[in-house]
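Residue-level listing of the chains:
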Amino acid sequence: MSDPNSSPVTLPAGSYDMEALQKDLDRAAKGKAADYTENVEKAIDTASDNVAKEQDARDIPGYKFVEVANKDLGVKETIQVYDAKKADKLGLDGSDERADLTNQQAEVAADAVAVADSPKE
Amino acid sequence: MAWNHRSRVVAMAVALQATVGTFVQPAVATDLLAVSAPTNTTAVISVDDPTSTGAIWESARVYLGKQSTLGATFPMRGPGGAAPPAANAWPMGRIMQTAGWAEQRLAAARTAAVAGGTTTTFLLANTESAVDDFLLGAPLQHTTTGPGNGAAGTTIIRDYIGASKTALLGETLASAPAAASNYTIPAYLSYVLGTLTTPPPVASVSIWRDKKRYDYRDWAPASLAVTIPVANEANTSFPDITFSGRGTVVAIVDDTTPVLPTSILAVPVAPARNGKFYLDRVKLGHQSLSFTEATTLAAASNQNQAAGQDGFDIISGSRTTALDLNQMAVTDFDLHGREDLQTVMPVMSTWGLGSGNNWGFIEPNIVLNPFSPGDRNGYVNLTGDAVTVDVDKAAALTLWW
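Treat the numbers as computed from the prediction; the structure is a model and nothing was measured.

Trainee: So, the side chain of Thr121(B): which residues are in play, and what are the values?
Mentor: Residues and elements named next belong to chain B. Inspection of the secondary structure assignment puts Thr121 in strand 8 (residues 121-123). For Thr121, a relative accessible area of 17% translates into the label buried. Polar contacts involving the side chain of Thr121 include one to the side chain of Thr118, which spans 2.7 Å. Setting aside anything within four residues of it in sequence, one finds Thr121 in contact with Thr166, Ala167, Leu168, Leu169 and Pro177.

Trainee: Please set out the interface of chain A and chain B residue by residue, giving values where relevant.
Mentor: Many authors give the size of an interface as the accessible area that is lost as the parts come together. Contacts between the two partners involve 32 residues from chain A, matched on the other side by 42 residues from chain B. Approximately 3100 Å² of surface area, both sides summed, lies buried where chain A meets chain B, with 54% of it carried by carbon and sulfur atoms. Among the residues of chain A in contact with chain B, Met18(A), Gln22(A) and Gln55(A) are the three that bury the most area, contributing 20% of the side total. Where chain A meets chain B, there are 0 salt bridges. Across the contact surface, chain A and chain B share 14 residue pairs in polar contact (both at pLDDT 80 or more). In terms of residue count, the dominant contributor to the side of chain A that touches chain B is helix 1 (residues 18-30) of chain A (6 residues). Per-class residue counts for the side of chain A that touches chain B are 15 nonpolar, 8 polar and 9 charged. As defined by bridge partners, strand 1 (residues 15-17) of chain A adjoins strand 5 (residues 101-106) of chain B across 3 bridges and the pair is classed as parallel. Across the sheet, residue Asp17(A) finds its bridge partner in strand 5 of chain B, namely Arg105(B).

Trainee: Quick rundown of the pattern of salt bridges? Include the residues and the values.
Mentor: All names here are of chain B. Following the criterion strictly, the structure yields 16 salt bridges over all chains and no others. A salt bridge links Arg94 to Asp31, with the nearest nitrogen and oxygen atoms 2.7 Å apart. Placement of the pair is Arg94 in helix 2 (residues 91-98) and Asp31 in helix 1 (residues 28-31), with a sequence separation of 63 residues. No difference in accessibility class separates Arg94 from Asp31, as the two residues are buried. A cluster of three or more residues bridged by salt bridges with shared partners is formed by Arg6, Asp210 and Lys211.

Trainee: Lay out helix 2 (residues 36-47) of chain A with the relevant residues and their values.
Mentor: With 12 residues, helix 2 of chain A extends 16 Å between its outermost C-alpha atoms, agreeing within 8% with the 16 Å of an ideal straight helix rising 1.5 Å per residue. Where the residues of helix 2 of chain A are buried, they touch strand 1, helix 1 and strand 2 (48-49) of chain A.

How each quantity is defined
Residues numbered from 1 in each chain as written. Chains lettered and ligands numbered in written order. Predicted model: local features only at pLDDT ≥ 70, side-chain atom pairs only at ≥ 80, totals over all residues. Heavy atoms only, no water. Helix = DSSP H or I, 4+ residues; strand = E, 2+ residues; numbered from the N terminus. Buried < 20%, exposed > 50% of the residue type's maximum accessible area, 1.4 Å probe, protein only. Polar contact = N/O pair within 3.5 Å; in protein donor to acceptor, adjacent residues only side chain to side chain. Contact = heavy atoms within 4.5 Å. Buried area = accessible area lost by both parts, 1.4 Å probe. Salt bridge = Lys/Arg side-chain N within 4 Å of Asp/Glu carboxyl O. Nonpolar A, V, L, I, M, F, W, Y, C, P; charged D, E, K, R; others polar. Pairing = 2+ DSSP bridges. Expected span 1.5 Å × (residues − 1).

Here it is in structure tokens:
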């Protein structure tokens, strides 16, 4: 029977330093068999330079995921909430498409006034 | 008004996104990708407006939004240089990552003594990994694998058994490696196709057309094809990677197309010759090998999003291999017998033009569909498809230094 600690690992897309990964995985294999899966996940996480660690298809720019307790149900839930700091960092001023449209309309109106006010030749 | 429509003055740059929905502006200095003329098109998402106009004409459609498709072909030139680039630094590697290929980097070569082996296996040193498949796709050099450390002198590891440190090869050697002789695993950059169970990253892409730049975020590939045609006087072609996918327009701005730096263009596109091609570990003459990954992209409905939907997910996919072989004698290679028995076999290809531009491609386990004879430049050829039987690590594309 083959050694369960030598079973193959699946690497999600990301960049892996194979020398570091080998050391981490070998260390994981030397741990307790019961902790093997968790240790392997840690090893993969440590050795990877994965720019997409936080990636979630539900991400909305300027929002963040937070864990909140739902006392009624007695469970913890992960919800998306507006994060003003994050929005500022991304250069978002809290405007949505409607606000953008309003701004554009205001600019067009301002331009129209400017043209109307400009001296005639 | 300046002229702004020279269609050959184009460029493309790509950056990986840490977060879906957030555009990362690709930098001209580090993120340019040397591709042939890219395509970027945008189509309307609309539905008929049933409102009666009081005349025979229908109302204008209800405008729901837009969707963009962009892609390009990458003539296969490696990053070159003296050592593999830093993590996530090679722009073409970023495209590979978005398609679910894990980037594996060995920064420095290592040499150790062989413990034994056969003509198709190496028993590597005890210091190698204890994990199965760990070296799948890695290059391996030894006096038995051919002359030099280029495409003709390097083999690609098809499979690896961690408990016994056994590397299974994609080819058959003339002789087994002698125990205590040295082998080398050169510094390498390998892309290994995974399960895609964990969503791969998405990319931000900029495409310049003369003096205008089109920016897209959340680009995800719908297809990626690696094509490796043999180059010779009758077949004037070179290996390339063609990719296409969907993204969301972020901005269209005036910006002059950047010029590709010499550091990229000085690395030549490597033609597929003076290397190796093995099917079921048998050296065969052939014209082309191509591997196509096709995926279905979808986005979940979400009214909280500006586009009414979340970022793109890859929800299903297929992997197909197409082969164009020279006809061979049944006594040399019983192709049709292998078709009938559905023999599981590797296909391996190596080619290249020097350090950082040496290439290897392997599919460890494929089975053949029926092949048909035809004509290629006056010779009988056999064309047909193959499919991989592996869910994980179905293919590896490797560069070495």
